[in-house]
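Here is how the chains run, residue by residue.
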Amino acid sequence: MRFKGGLLLYLLGWSIPSLFAQVFQNAWVENFDNRNGLSQNTVWSINQDSRGFLWVGTDDGLLRYDGYQFKPYRAQIGKSAGGLPSNSIRQLFHNGDEHLWVGTRNGIAQLNILTDSIRTFLPNIRIRKILPGAQGKLWVCSNKGLYFLDTKSKRTYCKIPKLNILNAAQLDTNRLLISTSENYWLLDVKKNKYKVVSFGLAPDNDIRPMQVYNNLIWIGVENEGVWTFDSHSLKLVKKYSLRALFPELITFPIRSMTIGKNGRCWLSLQSGLVCLDTKTEKMDFLPSDLTYQRLNSLKGSPLNDIFEDNSGLVWVGSNNSGLNKINLRLGKFRTINQDYGLNYNFILSFAESGDHLLVGTDGEGINVWNKKTGKVRVSKPETEGRSQVFAMIEVEPSLFWGATSNGLVQFDAKKGTFTEPSLACKAAFDTLQSTAIRTIYMDSRKRVWMGTAKGLFTFDYPTKAYRFWANASGYDDLINSFKEDSKGTIWIGRGAGLQKYSPINETIEPVPLVIPSTHIEVGDVSSVNLSSDSVLWISSYRVGFGKYNPLSKRFKLYTTDDGLPNSIVYGSLVDDNGQVWMSTNMGLARFNPKNETFTAFDVHDGIQNNEFNGGAYLKLASGEMAFGGVNGFTIFQPTGLQRRGSPSPVAITEVKVMNHSVNVFGKGMIETSYTENFLSFEFAALDFTSPQKNQYAYQLEGVDKNWIYSGSRHFVSYSQIPPGDYVFKIKASNSDGVWNETPLTLKVRVTAPFWTKDWFRFLAMMAGVGALVVFFTGRIRRIQEREKEKAMLNRQIAALEMKALRAQMNPHFIFNCLNSINNFILHDQNHQASKYLTKFSKLIRQILDNTDTPLQTIERIVTFMNLYVELEQMRFGKNKFDFEIKVDSRLEAHETVFPTMMIQPHVENAIWHGLMHRTEQGKIILSFQRETSTLVSCTIEDNGVGRVKSKEISKQLSPSRKSKGTQNVLESIETFNRQYNTEGAKIIIDDLYDQTGEPSGTKVKIVLPDIAQFKLC
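Residues numbered from 1 in each chain as written. Predicted model: local features only at pLDDT ≥ 70, side-chain atom pairs only at ≥ 80, totals over all residues. Heavy atoms only, no water.

S.K.: Before we go on, may I ask you to explain the overall build of the chain in this structure?
M.R.: Scanning the chain from N- to C-terminus turns up 10 helices and 72 strands. Since a compact globule built from 1017 residues should have a radius of gyration of about 31 Å, the 53 Å found for the chain marks it as more spread out than a globular shape. Its C-alpha atoms give the chain principal-axis dimensions of about 160 × 95 × 60 Å. Buried residues in the chain amount to 52% of all 1017 residues. Residue pairs in contact within the chain that sit at least 24 positions apart in sequence constitute 53% of those at least 6 positions apart. Here the chain holds 117 positive side-chain charges and 98 negative ones, and the gap between their average locations is 6 Å. (Helix = DSSP H or I, 4+ residues; strand = E, 2+ residues; numbered from the N terminus. Rg over C-alpha atoms; globule rule 2.2 N^0.38 Å. Buried < 20%, exposed > 50% of the residue type's maximum accessible area, 1.4 Å probe, protein only. Contact = heavy atoms within 4.5 Å. Lys, Arg positive; Asp, Glu negative; His and termini not counted. Charge placed at Lys NZ, Arg CZ, Asp CG, Glu CD.)

Laid out in structure tokens, this is it:
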């Protein structure tokens, strides 16, 4: 919401002379306090250095502003050097070099703006004013006299001791005007003599502002205004009386004065800011917002220092209310609202009548604004509900019809009053009585189109005939806009979408606006406009802004992804250059149809508010445009909004290495090692008009191939930068889009590691050769050792296989088998002998086959063991023992493998040492089981006499014979583990006992890894 001088003067009961509302009419005021960056809310002094940074002196230190943040500088408590002499900053002076002079309550400091180093002078002295002297020297006003500071030798001289100097002004190279609370003094610099001079002014304990400009001494006089004196004769020239302009202003001490660009003299008062144009001698006044509740208003009472920066912004400090930034915005947007005479700020519609603009409000009637004088006349209809004017058309010269929430109204612009319609038109008014009419439009045939809550009506003004279009009307589907093209077609924007009226067959039909690549149709059309090439520009309350070609029937939608500020678009107008202007819910936007780009304008550009209203847009006969919103209306000439202003300087505000700040200012180069190659840069365009609109482009030569345009983002980081030399470049544009094409550069060097040096490469090469020799020598030795180990293992395996073969081809077993065959032959049991011999030969053949493949599937092992046991049964009789083989269903008998040499010896032991000594029927059970997903087992269980009794019997029968079958199996287990690099193979032998504790057999369990699972085969 805007806050201008006129309103507060009106509230205070002051008259508003016509010379007011000139400088501040389109001003935008922005406030800074401790909620958005200031360290403290009392601002005493403001200045700008040669690089463009703004410096602010407060009661809690010095601040440097770059448009985005305030960097603090403070006194270092408990330290005698390195910081400011005091946190209470009263005066700032910069003479264009790399130093900023800071006057405090406890001395003066010299701050190097490049290195941030600080040097202090004149301790324990309160500094009041710093001003330049001859040859770069400084005059320093203080509570202990006038000092002269030589900036080269850093020596100080007291020229006038003991006087409490409040202010001073340099009249020429040899004369200095000095003020104290009692008198004015004139110092002859060469003679070092001073005398009292009289200006006819009463004593003043406050610092009385003084300025020398155009050979005149300008002095601010409390409760009077500004007096000027000839700088040579010291005679009075003129008095500028604020009391004469503001008679109701009782007391107004003038706290600060500065004369800036264009000869404007700025005065800070207790309750506002005065601008005196030294050329025209007119004064404007911008009062302080004493309620502290309004946006766009000057804050603070009293006001302190005034400073006009390089871009023309005016900065005003205050007591306890922070810092004010005033953007005068001359030549841009002009806003008219209640501050300038309107009776209400919520604007719904416009119409033009000669030099007057008719402004329809939301409930407060029509305001007639004189475009030349700025005066406003207000008129409200007597009928209740007709003060909400949605749209207006001119049916006859100076005679307007208005669409309201309660029917039609007629307004005579010449008389400035609402009138009754003629008898011929009264029928139309009566028909729509008490009907809400959203929009009204007159086409080239003088036919009036009206979108109402009841539907679409037309009224032929020449014939006075009206018509209701039932087929084009829908419940709760309001019509928002009408537009006629060169062929007489009426385009209708409404909630349901777009429609068109064909003058040939007088029909209304829908026009689908389908969003490309979707099946979604655009609805809530807020306005329809035309360009010179008959292209329709469609605005929507929901989806944004689009272009429709009636010939190709193609529709293109533009959204926030394309640069549109907001997807709610209230209305659009086409300027004389073919560019489309639109009001949105986030300010105004200008669309360039050639390059399809948007330019956004918001409250910082001086428009009434970021929020506008539907229907409140009009292009005037002069080419000016008016858009209405929630805080009045904004009027402007589109051709006067070209980019302007000079390129703004750009500065690197901070450099970080590995997220730690480093000071590179004044060095022109940053050097870091390859281990700390994560760099961050922050930068700022030092144009404070609208920092959020400043644009940036950067490039790190050697990393970025082209410029990177980052928009409003003012920082960048680079990680893992290879060793080498680089140049970081940054350029920026101001808020008007004017680029500074001369980039700021900073050299960057990332030092290479020592191992990239030539000497290190040579040593590394020699070390590498030596390492290769050592490696290959060791490799050959390890291969030889492995081959020896492998050969030894193979010999062990061969020996074990031979032992297993001998065990399976036991001579005693073969001899007994052949005797059995011979016995069958002698007893004429030829069939039995043949059967025995066949099985024996098969067994011998399979034993020989097993010597080539030590691992056999369970399926083959079962066949082998059946042959072996059948031969043993034929020898001893089948009734001697039974044999059973069990295979776990979880095993794949044709895939799971087992060493045969580990099973047969244990079965043989079970027969010969367990069952042969048993008188009852014996039994052997051979079981193959899956223990886990990676382990399998084979169990040989018999019900023989047990190992203890078997040993006793064996000792009695063959005391010198030793069984080697079990020992061979144990050696096989050990060799298996080594061969397959596992420890999973093991053998478990358990003695079995019956319920009485007598031996009842032996159980041998062989556990092996599933070689197929381990892919060891």
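Still more to cover.
S.K.: What am I meant to see in the sheet that holds strand β67 (residues 881-887) here?
M.R.: As a general point, the strands of a sheet are linked pairwise by backbone hydrogen bonds and lie either parallel or antiparallel. With respect to topology, five strands assemble into an open sheet ordered β67-β69-β70-β72-β71, the strand pairing being mixed. Edge positions in the open sheet fall to β67 and β71 (986-993), since each of these has one partner strand only. Each strand axis lies, on average, 10° off the axis of its neighbour in the sheet, ignoring direction. Against the sheet, helix α7 (residues 858-876) touches β67 and β69 (922-930), its axis set at about 175° to β67. The strands touched by helix α8 (residues 904-915) are β67, β69, β70 (935-942), β71 and β72 (999-1009); relative to β69, the strand with the most contacts, the crossing angle is about 155°. (Pairing = 2+ DSSP bridges. Axes fitted to C-alpha atoms, helices over the stretch in contact; angles between N-to-C directions.)

S.K.: Got a minute to help me understand the pattern of salt bridges in this structure?
M.R.: Between side chains of opposite charge, a pair can form as their charged atoms come close. For the structure on display, the rule yields 27 salt bridges. Between R467 and E506 there is a salt bridge, with the nearest N and O atoms lying 3.9 Å from each other. With R467 in strand β41 (residues 465-469) and E506 in the loop between β44 (497-502) and β45 (507-511), this pair connects stretches of sequence that are 39 residues apart. According to the relative accessible area criterion, E506 is partly exposed, its value standing at 34%. Salt bridges linked by common partners bring D602, D605 and K693 together as one network. (Salt bridge = Lys/Arg side-chain N within 4 Å of Asp/Glu carboxyl O.)

S.K.: Explain the side chain of S526 to me, please; I cannot follow it from the model alone.
M.R.: With respect to the helices, strands and loops of the structure, S526 is situated in strand β46 (residues 525-530). Engagement of the side chain of S526 in a polar contact is seen with the backbone oxygen of Y570, the distance being 3.4 Å. For S526, the residues in contact, after removing those within four places along its chain, are N480, S481, S539, S540, Y541, V569, Y570, G571 and Y617. (Polar contact = N/O pair within 3.5 Å; in protein donor to acceptor, adjacent residues only side chain to side chain.)

S.K.: Help me understand the domain arrangement of the chain, please; the structure alone is not making it clear to me.
M.R.: Note: interface size is frequently given as the accessible area lost on complex formation between the parts. What the domain assignment reports for the chain is domain 1 (206-331), domain 2 (512-640), domain 3 (650-752) and domain 4 (843-1013). Put simply, the middle of domain 1 and the middle of domain 4, counted by C-alpha atoms, are 116 Å apart. (Domains from an automatic or database assignment.)

S.K.: Can you help me understand the confidence of the model for the chain in this one?
M.R.: Any residue range with low pLDDT should be treated as having predicted coordinates unsuitable for detailed reading. Averaged over all residues, the pLDDT of the chain is 87; the fraction at 70 or higher stands at 91%. Note that pLDDT drops below 50 for residues 1-21; the model gives that stretch 67 contacts with residues more than four away or on any other chain. (pLDDT = per-residue confidence, 0-100.)

S.K.: Would you mind showing me how to read the sheet that holds strand β60 (residues 679-685) here?
M.R.: As summarised here, the arrangement of the four strands in space is β58-β57-β60-β63, forming an open sheet in which the pairing is antiparallel. Lying at the two open borders of the sheet, with one neighbouring strand each, are β58 (660-662) and β63 (715-718). Here the strands of the sheet are splayed against their neighbours by 30° on average, with no regard to which way each runs. Note: β60 against β63, four bridges, orientation antiparallel. By the bridge assignment for β63, F681 is matched with V716.

S.K.: Honestly, the nonpolar core in this entry has me stumped. Any pointers?
M.R.: In globular proteins that are soluble, nonpolar side chains generally tend to be buried together. One finds W55, L62, W315, F681, F728 and V748 to be the most contacted residues of the largest nonpolar core, which totals 54 residues. Counting contributing residues, this core receives three or more from each of domain 1 (206-331) and domain 3 (650-752). If sequence neighbours within four positions are ignored, W315 has contacts with F32, I46, L54, Y65, D305, I306, F307, D309, L323, N324, K325 and F688. Listed in part, the 49 residues of the second largest apolar core include F824, F864, I911 and V969. (Core = buried A, V, L, I, M, F, W, Y, C linked by side-chain atoms within 4.5 Å.)

S.K.: Just to check I follow, could you spell out helix α3 (residues 423-431) for this structure?
M.R.: Of the residues making up α3, those classed as buried are C425, A428 and F429. Seen from one end, α3 has its buried residues packed into an arc of 100°, which puts them on one side. Looking at the buried positions of α3, the neighbouring elements they touch are β35 (399-404), β36 (407-412) and β40 (455-460). (Arc of directions from axis to C-beta.)

S.K.: Explain the packing of aromatic side chains here, please?
M.R.: Following the criterion strictly, the structure yields 55 aromatic pairs and no others. Seen in terms of ring centroids, Y709 and W739 are 5.6 Å apart; in terms of plane orientation they differ by 80°. Their pairing is edge-to-face. With Y709 in strand β62 (residues 708-711) and W739 in the loop between β64 (724-733) and β65 (744-751), this pair connects stretches of sequence that are 30 residues apart. With a relative accessible area of 23%, W739 lands in the partly exposed category. Three or more aromatic residues link up through ring pairs in this structure, and these residues are F333, W581, F601, F612, F627 and F636. Over the ring of W227 we find K239, and its NZ or CZ is 4.0 Å from the ring centre. Positioned above the aromatic ring of W469, the side-chain terminus of R467 is 3.5 Å from the ring centre. (Phe/Tyr/Trp six-rings, centres within 6.5 Å; stacked < 30°, edge-to-face > 60°. Lys NZ or Arg CZ within 6 Å of the ring centre and 35° of its normal.)

S.K.: Help me understand a positive patch on the surface, please; the structure alone is not making it clear to me.
M.R.: Taken together, R779, R781, R782 and R786 make up a surface patch of like positive charges. Considering the arrangement of structural elements, one finds R782 in helix α4 (residues 758-808). For R782, a relative accessible area of 37% puts it in the partly exposed group. (Patch = residues over 30% accessible without salt bridge, like charges linked within 9 Å, V, L, I, M, F, W, Y side chains within 5 Å. Areas by Shrake-Rupley, 256 points an atom, 1.4 Å probe, with all protein chains shown as cover.)

S.K.: Can you help me understand the environment of R208 in this one?
M.R.: Examined against the element boundaries, R208 turns out to sit in the loop between β17 (193-197) and β18 (210-213). Sequence spacing of R208 and S972 is 764 residues, and the spatial spacing of their C-alpha atoms is 114 Å. In this structure, R208 is in contact with N167, Y184, L201, A202, P203, I219 and G220, ignoring residues within four places of it in sequence.

S.K.: Where do I start with the environment of I178 in this structure?
M.R.: Here I178 shows up in strand β15 (residues 175-179). Along the chain, I178 and Y194 lie 16 residues apart, while their C-alpha atoms are 9.2 Å from each other. Apart from residues lying up to four places away in sequence, I178 is in contact with L146, I160, I165, N167, A168, N183, Y184, W185 and L187.

S.K.: Help me understand the packing of α7 against α8, please; the structure alone is not making it clear to me.
M.R.: Packed helices, taken two at a time, are described by the angle their axes make and the gap between the axes. Contact geometry for α7 and α8: axes closest at 11 Å, N-to-C directions at 20°. It follows that α7 is roughly parallel to α8 by the angle criterion. Both α7 and α8 take part in a crossing whose hand is right-handed. Across the interface between the two elements, F864, M865, Y868, V869, E872, R875 and F876 from α7 touch Q904, V907, E908, I911 and W912 from α8. A per-class count over the contact of α7 with α8 returns eight nonpolar, one polar and three charged. (Parallel < 35°, antiparallel > 145°, perpendicular 65-115°, else oblique. Left-handed = near helix turned anticlockwise from the far one by under 90°. Nonpolar A, V, L, I, M, F, W, Y, C, P; charged D, E, K, R; others polar.)

S.K.: I would appreciate a short explanation of unusual backbone geometry in the present structure.
M.R.: Cis geometry is adopted by the peptide bond preceding P302, which originates at S301 and carries an omega value of 5°. Within the secondary structure, P302 is located in the loop between β25 (283-287) and β26 (303-308). One non-glycine residue, N320, lies in the positive phi region at around 70°. Relative to the elements of secondary structure, N320 occurs in the loop between β27 (314-318) and β28 (323-327). Although it is not a glycine, N659 sits at a positive phi angle of roughly 70°. Within the element layout of this structure, N659 appears in the loop between β57 (650-657) and β58.

S.K.: Where do I start with the environment of H913 in this structure?
M.R.: Considering the arrangement of structural elements, one finds H913 in helix α8. For the pair formed by H913 and K951, sequence separation is 38 residues and the distance between their alpha carbons is 8.2 Å.

S.K.: What am I meant to see in the side chain of N480 here?
M.R.: Topologically, N480 is positioned in strand β42 (residues 479-484). Note on N480: relative accessible area 11%, which makes it buried. A polar contact of 2.9 Å, which involves the side chain of N480, links it to the backbone oxygen of V525. Ignoring sequence-local partners within four residues, the contact set of N480 consists of R438, T439, G493, R494, G495, V525, S526 and Y541.

S.K.: Whenever I open this one, the state of the cysteines confuses me. Can you help?
M.R.: A covalent bond bridging the sulfur atoms of two cysteines is what the word disulfide describes. The final tally for this structure, using the stated rule, is zero disulfides. Just so you know, C158 is unpaired, no disulfide at all, and the nearest cysteine sulfur is the one on C141, 11 Å from it. Of all cysteine sulfurs, the one in C265 lies closest to C275, which takes part in no disulfide; the gap is 8.1 Å. The exposure class assigned to C275 is buried, which follows from its relative accessible area of 2%. (Disulfide = S-S within 2.5 Å.)

S.K.: Explain the pairing of β28 to me, please; I cannot follow it from the model alone.
M.R.: For a regular strand, the rule is simple: side chains alternate between the two faces of the sheet. Counting buried residues along β28, five of its five residues qualify, which places the element largely inside the surrounding structure. Alternating positions in β28 separate into two faces, L323, K325 and N327 on one and N324 and I326 on the other, with burial throughout. Note: strand β1 (residues 28-32) against β28, five bridges, orientation antiparallel. Considered in β28, the bridge of W28 is made with N327. Sheet topology places β27 next to β28; four bridges connect them, and they run antiparallel.

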